[in-house]
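Chain by chain, the residues:
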Amino acid sequence: MASFSPLLAMALAIFIFSSHSNAQLSSTFYSTTCPNVSSIVRTVIQQALQNDARIGGSLIRLHFHDCFVDGCDGSLLLDNNGTTIVSEKDALPNTNSTRGFDVVDNIKTAVENACPGVVSCADILALASESSVSLAGGPSWNVLLGRRDGRTANQGGANTSLPSPFENLTNLTQKFTNVGLNVNDLVALSGAHTFGRAQCRTFSPRLFNFSNTGNPDPTLNTTYLATLQQICPQGGSGFTVTNLDPTTPDTFDNNYFSNLQTNRGLLQSDQELFSTSGAPTIAIVNNFSANQTAFFESFVQSMINMGNISPLTGSNGEIRSNCRRPN
Ligand code: HEM
Ligand SMILES: *[C@@H]1O[C@H](CO)[C@@H](O)[C@H](O)[C@H]1NC(C)=O
Ligand SMILES: *[C@@H]1O[C@H](CO)[C@@H](O)[C@H](O)[C@H]1NC(C)=O
Ligand SMILES: *[C@@H]1O[C@H](CO)[C@@H](O)[C@H](O)[C@H]1NC(C)=O
Ligand SMILES: *[C@@H]1O[C@H](CO)[C@@H](O)[C@H](O)[C@H]1NC(C)=O
Ligand SMILES: *[C@@H]1O[C@H](CO)[C@@H](O)[C@H](O)[C@H]1NC(C)=O
Ligand SMILES: *[C@@H]1O[C@H](CO)[C@@H](O)[C@H](O)[C@H]1NC(C)=O
Ligand SMILES: *[C@@H]1O[C@H](CO)[C@@H](O)[C@H](O)[C@H]1NC(C)=O
Ligand SMILES: *[C@@H]1O[C@H](CO)[C@@H](O)[C@H](O)[C@H]1NC(C)=O
Ligand SMILES: *[C@@H]1O[C@H](CO)[C@@H](O)[C@H](O)[C@H]1NC(C)=O
């Protein structure tokens, strides 16, 4: 008769413990503790869209800038506090650029009123991303949930980990690879530039003196170039904004990819995906341009991949009561 092996019991305990500490996110994480959280988030965003057609783009960008720096832990949302919290909001890719923090606060307030102390700020960014995309005409999906909030910010990490609009495809690919994302994710997620705005300073080097050649970026469509030179004249304000997608600025569709095919990518980092000769990204751009369903399917999968970057789960981190500071 087999006796119960202590060794087997220990192995089982280790298995259960380790699978718990690697806990996966789940679309039903709040189904008993905050069953209505998705519609609460969606309602606040619908209200914000009334006065600000751009807010959906701003919110999904917050999730991206959160996830690429120490994982999706809400670290981007922490305000500078004069001592240990050196805010990511003041990092180069974020300063005078990331926006929508007031709307995140409004979402948090609405969610806390319904289910106090339950939903993390990191999860609010993931839910806000899905609502923003679907409300703009893009795909809907079941958001994976169960992230907890970090207690620290990493401004240096934000400076070095987030991609720059002036980088070439080699650099962009490397920054995605660094967080476990591949070129398919790079192309699909760049498709978020189908809505939202960008400031002149993020693409003006392309307009007049590209790479110090004295000429504009030769990959820019000449008609589009002339338009952009009027919006962003030499010596003008670098803070002026224009549409990332000049065709359907506030709609989530696959026009971003046809823009790249006609040399109407706004940022250098956009156009690199199609104009880098021999690059594996070209075929992906062509696919998404020809087939919006293929883009939407890939986009959803890549959003899930991005949302899975190093979440805090189980008893790690905390559920912040105010997204701007640790408890
Ligand atoms: C591939 C590398 C990427 C680079 C270099 C990049 C760079 C930029 C830059 C420079 C801006 C304009 C910011 C400003 O002028 O204030 C911008 C805006 C935006 N980005 Fe990206 N981005 C990248 C990937 C992504 C990803 C992965 C997403 C989301 C999944 C995203 C979503 C957006 C959105 C929606 C906006 C408009 C934001 C608004 O209107 O407030 N971007 N991006
Ligand atoms: C869920 O939230 C929405 C938006 O806030 C609200 O209209 C609806 O009544 C809520 N449903 C329940 C069951 O609480
Ligand atoms: C941000 O904008 C403010 C107000 O326009 C300006 O004073 C400041 O120099 C800007 N900072 C950066 C880093 O561009
Ligand atoms: C990040 O970049 C900003 C803007 O260039 C700079 O002011 C700040 O000192 C940098 N922070 C760190 C920690 O490197
Ligand atoms: C691209 O990456 C290389 C190597 O890390 C770096 O030297 C270069 O400055 C980066 N280019 C840009 C435009 O950031
Ligand atoms: C991108 O820039 C880096 C250095 O900044 C260079 O080594 C690399 O060859 C460039 N890649 C492409 C595709 O031009
Ligand atoms: C382009 O920029 C370089 C470096 O700043 C400068 O030396 C050159 O005079 C500029 N050319 C033109 C035509 O503005
Ligand atoms: C478009 O992409 C979807 C999803 O990958 C695929 O099922 C469909 O067959 C494609 N349509 C065409 C015309 O290639
Ligand atoms: C287009 O993208 C879809 C979705 O990712 C993929 O299933 C399909 O194989 C791709 N088609 C081509 C021709 O690359
Ligand atoms: C800043 O935040 C840290 C971490 O929560 C906390 O220990 C510290 O006391 C705070 N400093 C101030 C001035 O609030």
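Reference entry: report on the structure contained in this document. Every chain is numbered independently, its residues counted from 1 as its sequence is written. Chains and ligands are labelled by the order in which they are written, letters from A for the one and numbers from 1 for the other. For this predicted model, a pLDDT threshold of at least 70 governs which residues receive local features, and a threshold of 80 or more governs which side-chain atom pairs are given and counted, while totals over whole chains, interfaces and linings are taken from all residues. Computation of side-chain values covers all heavy atoms of the structure but excludes hydrogens and water.

## Concerning the overall build of the chain
Strands here mean DSSP runs of E at least two residues long; helices mean DSSP runs of H or I at least four residues long; both are numbered from the N terminus. Within the chain, the regular secondary structure consists of 13 helices and two strands. We compute the radius of gyration over the C-alpha atoms and compare it with the globule rule, which gives 2.2 Å times the number of residues raised to the power 0.38. Relative to its length of 327 residues, the chain is compact, with a C-alpha radius of gyration of 21 Å against a globular reference of 20 Å. With the C-alpha coordinates aligned to their principal axes, the bounding extent of the chain is approximately 80 × 45 × 40 Å. Within the chain, the proportion of its 327 residues that are buried is 48%. Throughout, a contact is declared for two residues whenever any of their heavy atoms are within 4.5 Å. Across the chain, the fraction of contacts at a sequence separation of at least 24, relative to all contacts at a separation of at least 6, is 75%. We treat Lys and Arg as the positive residues and Asp and Glu as the negative residues; His and chain ends play no part in the count. Note on charges: their place is set at NZ of Lys, CZ of Arg, CG of Asp or CD of Glu. Side-chain charges of the chain comprise 17 positive and 23 negative groups, with the mean position of each set lying 4 Å from the other. The buried label applies to any residue whose accessible area, calculated with a 1.4 Å probe on protein chains only, is under 20% of its type's maximum; exposed applies above 50%, and partly exposed to all values in between.

## Here we look at the site of ligand 7
Neighbouring ligand 7 are the residues Asn 209, Asn 212 and Gly 214. N or O atoms within 3.5 Å of each other form a polar contact, as long as, within protein, one can give a hydrogen and the other can take it, and as long as residues adjacent in sequence are counted only when both atoms are side-chain atoms. Within the side chain of Asn 209, a nitrogen or oxygen atom sits 2.2 Å from an oxygen atom of ligand 7. In the model, an oxygen atom of ligand 7 is placed 3.3 Å from a nitrogen or oxygen of the Asn 212 side chain. Surface burial for ligand 7 is 33%, taken as the share of its 360 Å² of free accessible area covered by protein chains. Residues are counted as near a molecule or strand when any one of their heavy atoms sits within 4 Å of it. Using a 1.4 Å probe, the Shrake-Rupley method yields the accessible areas, and only the shown protein chains count as cover for residues.

## Let's talk about the environment of Thr 84
Along the chain, the position of Thr 84 falls in the loop between helix 3 (55-67) and helix 4 (101-114). The exposure class assigned to Thr 84 is exposed, which follows from its relative accessible area of 68%.

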